[in-house]
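# Notes for the structure review
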Amino acid sequence: MKNVRIIGLGLMGTNLGLNLISKGIKVYGEDVNDYANNRANKLGIDINKTDEEVDLTILAMPVNKIISYLKENKKISNTKALLDIGGTKQEICDLMDKSEIPSIGGHPMCGLADNNSWEPTPEIYEKATFLLCETESTSEDSKTIISNFLLLNNKSKLIRCCMVNWVKACKKEDIELEDLIRFDYENKTYAIYCSPDENYFCTDGLCTHEDVHLEDGLVTVSYTHLRAHETVLDL
């Protein structure tokens, strides 16, 4: 890997860029905030050549900004792979499914409490656990690029990666309010719930007390009531 583009130069994006620079990687960056751009530029991130061809582009904005960026289908060009480092994954990965650029959702398990006033701390990424989620646009080449990036940035052997394939279990309309359905997948059974306030949950399908499936239960507030032996389970 020779070069990376980072979109979003706050605490996470800038420190990631500095970490990569220390490993000999050329880092280009951009942000909508002039102060963030100037700070990153002073620290060695190139903010002037945002159209340069790169091996990897990383979305390092806050989660809501990443989602808006992908929804608006803003053009990301001259890159072989796309990675985000937002904290939540489902909506981001759903949008990445449709990306023309091979994409993977990511979440580094690191950070600092103060996102506004901070000194450069690129070492927060060293040996950090990094969650990866494959999407429908993920290619073998993009997996290789991002794996190499992580090995470089996390000193290889201590990294723990989880490549996840989303499984389509059901449609929302398949579950009535305050009800649950059974879902079987790869020799395991699950229960999927719809709470009274229309939140959705998934658990193991079998009761923890005995070998009885939860599918005949009833959902109230955030509890499942199992009729078979009057058990109440907190979701």
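Up top is the structure.
Since this is a predicted model, take the numbers as computed values, not measurements.

What follows covers the overall build of the chain. Check the secondary structure of the chain and you find five helices and 12 strands. Scored against the burial criterion, the 235 residues of the chain give a buried share of 42%. Pairs at least 24 residues apart make up 52% of the contacts formed inside the chain by residues separated by at least 6 positions. Summed over all atoms, the accessible surface of the chain reaches about 13,200 Å², with 47% contributed by carbon and sulfur.

For the rest of this paragraph, the subject is the side chain of aspartate 55. When you line up the elements, aspartate 55 lands in the loop between helix 2 (34-42) and strand 3 (56-59). On the accessibility criterion, aspartate 55 (13% relative accessible area) is buried. For aspartate 55, the side chain forms a polar contact with the main-chain nitrogen of lysine 2, separated by 2.8 Å. For aspartate 55, the contacting residues outside a window of four places in its chain are Met1, Lys2, Asn3, Thr79, Lys80, Ala81 and Ile145.

All right, on to the sheet that holds strand 8 (residues 188-194) then. The three strands are arranged 7-8-9 in an open sheet whose pairing can be described as antiparallel. Across the chains shown, the open sheet's two edge strands, defined by having one partner strand only, are strand 7 (179-185) and strand 9 (200-204). Each strand of the sheet is rotated relative to its neighbour by a mean of 25 degrees, with strand direction disregarded. The sheet contact formed by strand 8 and strand 9 spans five bridges and is antiparallel. Within strand 9, the position partnered with tyrosine 193 by the bridge is phenylalanine 201.

Of all five residues that make up strand 1 (residues 3-7), five are buried, and the element is covered over most of its length. Judged by which residues are buried, strand 1 turns out to be covered on both faces: Asn3, Arg5 and Ile7 on one side and Val4 and Ile6 on the other are all buried. Where strand 1 and strand 2 (residues 26-30) come together, five bridges link them in parallel fashion. Its bridge partner being in strand 2, arginine 5 is matched across the sheet by tyrosine 28. After leaving strand 1, the chain enters helix 1 (residues 11-22) and then returns to the sheet as strand 2, a path that is right-handed.

Moving on, we come to helix 3 (residues 63-71). Along helix 3, the residues classified as buried are Ile66, Ile67, Tyr69 and Leu70. Looking straight down helix 3, one finds that the buried residues subtend no more than 160 degrees of arc, so they occupy a single side. Seen from the open side of helix 3, the exposed residues pointing more than 90 degrees away from its buried face are Lys65 and Lys71. On its buried face, helix 3 is in contact with strand 1, strand 3, strand 4 (82-84) and helix 4 (90-96). Asparagine 73 sits one or two residues past helix 3 and shows a positive phi near 55 degrees.

Within this structure, the stated rule accounts for eight salt bridges. For aspartate 84, the salt bridge goes to lysine 89, with nearest N and O atoms at 3.0 Å. A relative accessible area of 0% means that aspartate 84 is categorised as buried. Salt-bridge contacts for lysine 143 lead to glutamate 140; the nearest nitrogen and oxygen are separated by 3.0 Å. With lysine 143 and glutamate 140 both in helix 5 (residues 140-153) and three residues apart, this pair spans about one turn of that helix. Take lysine 143: its relative accessible area is 19%, and that puts it in the buried class. Three or more residues joined by partner-sharing salt bridges are found here, namely Glu134, Glu140 and Lys143.

Secondary-structure assignment places isoleucine 45 in the loop between helix 2 and strand 3. The spacing of isoleucine 45 and arginine 5 is 40 residues in sequence and 9.5 Å in space, taken between C-alpha atoms.

A separate point is the packing of aromatic side chains. Each aromatic ring pair is described using two quantities: the centre-to-centre distance and the angle formed by the ring planes. Applying the stated criterion across every chain yields a total of three aromatic pairs. Aromatic side chains phenylalanine 130 and phenylalanine 149 sit 6.3 Å apart centroid to centroid with 85 degrees between the ring planes, which places their arrangement in the edge-to-face category. With a gap of 19 residues between them, phenylalanine 130 in strand 6 (residues 130-134) and phenylalanine 149 in helix 5 connect regions that are remote in the sequence. Judged by centre distance (6.2 Å) and plane angle (10 degrees), the ring pair of phenylalanine 183 and tyrosine 185 falls under stacked. Following the ring pairs from residue to residue traces out a cluster consisting of Phe183, Tyr185 and Tyr190.

Conventions used here
- Residues numbered from 1 in each chain as written.
- Predicted model: local features only at pLDDT ≥ 70, side-chain atom pairs only at ≥ 80, totals over all residues.
- Heavy atoms only, no water.
- Helix = DSSP H or I, 4+ residues; strand = E, 2+ residues; numbered from the N terminus.
- Buried < 20%, exposed > 50% of the residue type's maximum accessible area, 1.4 Å probe, protein only.
- Contact = heavy atoms within 4.5 Å.
- Areas by Shrake-Rupley, 256 points an atom, 1.4 Å probe, with all protein chains shown as cover.
- Polar contact = N/O pair within 3.5 Å; in protein donor to acceptor, adjacent residues only side chain to side chain.
- Pairing = 2+ DSSP bridges.
- Axes fitted to C-alpha atoms, helices over the stretch in contact; angles between N-to-C directions.
- Right-handed = clockwise from strand over helix to strand, strands pointing away.
- Arc of directions from axis to C-beta.
- Salt bridge = Lys/Arg side-chain N within 4 Å of Asp/Glu carboxyl O.
- Phe/Tyr/Trp six-rings, centres within 6.5 Å; stacked < 30°, edge-to-face > 60°.

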